[in-house]
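Residues per chain are reported as follows:
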Amino acid sequence: MLNLNKQKIVESVPQTGFFGHPKGLFTLFFTEFWERFSYYGMKAILVYYMYYAVTKGGLGLDQNTSVAIVSIYGSLVYMSGIIGGWLSDRIFGTGRTVFYGGILIMLGHIALSIPGSAAMLFTSMALIIIGTGLLKPNISTIVGELYSEEDVRRDAGFSIYYMGVNLGAFLSPLIVGKAMEYNFHLGFSIAAIGMFLGLLVYVFTKKKNLGLAGTFVSNPLPPAEKKKVFTTVGLGVVLVAIIVALGISQGWLTFDAFVATVGILGFLVPALYFIFMYRSPKTTATERSRIIAYIPLFLASVMFWAIQEQGSTILAIYADKRTQLDFAGIHISPAWFQSVNPLFIITLAPVFAWLWVKLGKRQPSVPQKFALSLLFSGLSFIVILLPAYFGGAHSLVNPLWLILSYLVCVIGELLLSPVGLSATTKLAPAAFSAQMMSLWFLSNAAAQALNAQIVKFYSPKTEMTYFGVIGGASIVLGFILFAISPKIQKYMKGVR
Ligand code: C3H
């Protein structure tokens with residue numbers, strides 16, 4: 001986006017009105033709160049819905065297959081951000097794309113709330129994959145648009161926004177998890193209502209609060225090119241549909257082959273993205289250097305999310321199968337453990353925001369924060385291997401172990417996720433502002449694609465090795481990143 005447009009947008013947004021931040025942050029905070037409420041509420045019960053027996057209201061699928069499907073689903077949800085980024089940079093602008101995304105997500109949750117079969121599940125997944133791809137990266141990009149480049153409130157703004165994400169993520173597993181005890185579809189209906197409320201907040205407050213933010217198309221598609229692009233996309237979709245139909249009918253498109261394909265795409269797509277942005281004539285020399293700096297940060301982010309996302313897959317199984325759920329006189333629903341991470345985020349985010357302000361110029365650089373994040377996420381897996389080390393893998397474990405592991409991982413998350421969101425908006429080449437945010441979410445997509453390959457190695461027998469190898473890898477990468485941090489900082493060309 002041109003600097004002139006950026007300035008016009010900032011001037012159009014009421015610059016105070018929400019905890020000393022631009023009023024638009026209210027709209028984005030609550031829209032994203034409801035979107036995450038619906039997404040994480042659905043996700044907190046999805047894996048159980050898939051592997052619980054039909055007599056218990058589930059679909060009766062195999063447990064490991066269910067976890068792999070959830071990982072692939074999570075990966076595609078973030079991968080589709082490239083569609084959302086492209087549509088907004090070239091056709092709709094971020095604001096309209098967010099709205100369309102919200103509608104698709106709501107329809108996706110409605111599909112799951114109708115009692116049905118695996119077909120309903122896959123319809124819902126398709127709608128939520130595309131819808132989230134349209135909404136998630138674009139709403140985060142609009143947060144960046146509310147602040148001028150020099151505005152010192154920007155990082156704190158992203159921390160507040162991240163608290164909105166986690167407030168939704170905290171409340172929904174508690175509510176939807178409880179609803180699951182009556183009926184899975186009641187739980188999914190609550191998710192649909194959540195997204196509906198998010199759309200209401202967005203539609204009714206955006207005009208007053210967001211000003212021009214979200215209305216510009218940063219790199220519009222010339223009308224002459226439109227026809228060519230739409231024909232190519234249409235043909236591509238038809239080709240993929242034919243290949244999939246043939247593959248299924250001929251028997252070579254097996255579930256494992258699909259998981260492997262998503263695994264490859266998880267890394268191939270971001271690689272192509274990097275090359276494309278780097279080589280674009282619209283990217284300046286300074287922006288090219290920043291793209292180089294972004295590569296190690298992206299890889300660190302993949303490692304981090306690979307561990308963090310297992311909090312809702314492998315650790316969800318750990319909560320269900322390995323943890324004492326009757327504890328201190330209460331019966332704990334395994335889905336409630338999904339609220340532990342967001343609760344710690346909400347509590348600790350202000351502490352980190354305060355810490356960065358207090359440390360001022362002495363605070364670690366962005367690459368150093370990422371390196372520390374890898375150390376903490378690695379340690380969280382070392383913590384959770386200890387119960388098996390001390391007591392074997394067959395007795396039930398005190399839930400405090402799981403809570404401690406989540407806490408350590410959250411410290412890593414606060415060192416990486418809000419920092420990464422903010423750094424992405426600063427490092428983005430002007431012509432690719434929304435697409436760079438999609439690239440950031442592709443690090444999560446790659447992580448979950450990787451997880452789909454590795455979760456099958458988890459079992460009570462392999463538990464210690466599983467957590468030890470993955471946790472150890474993260475710690476080693478953390479040390480390497482710390483060593484090369486000054487070099488990365490140089491390539492960032494003044495961005496801090
Ligand atoms: O959703 C995002 O944008 C980023 N993720 C987060 O903010 C996480 N802290 C959410 S926690 C988790 C993924 C969902 C909780 O319902 C659970 C991790 C164990």
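Computed from a predicted model, the values in this text were never measured in an experiment. Residue positions are given per chain, counted from 1 along the sequence in the order it is written. Totals for whole chains, interfaces and linings use all residues, but because this is a predicted model, local features are given only for residues with pLDDT of at least 70 and pairs of side-chain atoms are given and counted only at 80 or more. Derived side-chain values reflect all non-hydrogen atoms in the structure, with water molecules and hydrogen atoms excluded from consideration.

(A) Representation of the side chain of Ser438 in the model. In this fold, Ser438 is placed in helix α16 (residues 433-454). For every residue, the accessible area (1.4 Å probe, protein chains only) is compared with the maximum for its type, and the residue is labelled buried under 20%, exposed over 50%, or partly exposed between those bounds. Accessibility expressed as a relative area gives 0% for Ser438, which makes it buried. Setting aside residues no more than four positions away along its own chain, Ser438 makes contact with Gly81, Ile82, Gly85, Pro137 and Tyr273. We count a stretch as a helix when DSSP gives it H or I for four or more residues in a row; a strand needs E for two or more, and each element gets its number in order from the N terminus. In this analysis, two residues are considered to be in contact whenever any of their non-hydrogen atoms come within 4.5 Å of each other.

(B) Spotlight on the packing of helix α6 (residues 118-145) against α16. Between the N-to-C directions of two axes lies an angle of 0 to 180 degrees, each axis being a line fitted to C-alpha atoms and, for a helix, fitted only over the stretch in contact. Closest axis-to-axis distance for the α6/α16 pair is 9 Å, and the angle between their directions is 125°. Taken as axis vectors, α6 and α16 run oblique relative to one another. With respect to the hand of their crossing, α6 and α16 are arranged in right-handed fashion. Along its contact with α6, which presents Lys136, Pro137, Asn138, Ser140 and Thr141, the element α16 presents Ser433, Ala434, Met437, Ser438 and Phe441. Relative orientations are named as follows: roughly parallel for angles under 35 degrees, roughly antiparallel for angles over 145 degrees, roughly perpendicular for angles from 65 to 115 degrees, and oblique for any other angle. The handedness criterion is simple: a crossing whose near helix is rotated anticlockwise from the far helix by less than a right angle is left-handed, and one whose near helix is rotated clockwise is right-handed.

(C) Layout of the layout of surface pockets. Using a grid of 1 Å spacing that covers the protein atoms alone, one calls a set of points a cavity when a 1.4 Å probe fits there but cannot get out, and a pocket when the set is open and has protein on both sides within 12 Å along at least five of seven lines; lining residues are those with an atom within 4 Å of a point. Grid points are joined across faces, edges and corners, and a volume is the space filled by probe spheres set on the points. In this model, the largest pocket occupies a volume close to 2,000 Å³. Contributing to the lining of the largest pocket are 47 residues, with Leu76, Ile83, Ile130, Val240 and Leu265 lying nearest its centre. Listing elements by their share of the lining of the largest pocket, those giving two or more residues are α3 (63-79), α4 (81-92), α6, α9 (223-250) and α10 (255-279). The leading source of residues in the lining of the largest pocket is α9, at 10 residues. A class-by-class count of the residues in the lining of the largest pocket yields 36 nonpolar, 9 polar and 2 charged. In this structure, the second largest pocket encloses a volume near 1,400 Å³. In this structure, the second largest pocket is lined by 50 residues; those nearest its centre are Arg154, Asp155, Ser422, Lys426 and Arg496. Each residue gets one label: Ala, Val, Leu, Ile, Met, Phe, Trp, Tyr, Cys and Pro are nonpolar, Asp, Glu, Lys and Arg are charged, and the others, such as Gly, are polar.

(D) Region of interest: empty space enclosed by the protein. Inspection of every chain in the model, using the stated rule, returns 3 cavities of 30 Å³ or more. Estimates place the volume of the largest cavity at around 500 Å³. As for the largest cavity, its lining consists of 35 residues, and the residues nearest its centre are Tyr40, Trp305, Gln308, Glu309 and Glu413. Breaking the lining of the largest cavity down by element, the ones donating at least two residues are α2 (24-51), α6, α7 (154-182), α11 (285-309), α13 (340-359), α14 (366-391), α15 (399-427) and α16. Broken down by class, the residue content of the lining of the largest cavity amounts to 18 nonpolar, 12 polar and 5 charged.

(E) Spatial organisation of the packing of aromatic side chains. A pair of aromatic rings is counted whenever rings of Phe, Tyr or Trp (Trp by its six-membered ring) have centres within 6.5 Å, and the orientation is called stacked for planes under 30 degrees apart, edge-to-face for over 60 and tilted otherwise. In this structure the tally under the stated criterion is 33 aromatic pairs. Relative to Phe298, the ring of Phe274 has its centre 5.5 Å away and its plane inclined at 90°; by these criteria the two rings are edge-to-face. Placement of Phe274 in helix α10 and of Phe298 in helix α11 is noted, with a sequence separation of 24 residues between them. Judged by its relative accessible area of 4%, Phe298 is buried. Aromatic ring contacts, followed pair by pair, group Phe18, Phe19, Phe26, Phe29, Phe30, Phe33, Trp34 and Phe37 into a single cluster. The ring of Tyr52 has Lys56 sitting right over it, with the charged end atom 4.5 Å from the ring centre. The ring of Tyr278 is capped by Arg288, whose NZ or CZ atom sits 5.7 Å from the centre of that ring. When the NZ atom of lysine or the CZ atom of arginine is within 6 Å of a ring's centre and also within 35 degrees of its normal, the charge is said to sit over that ring.

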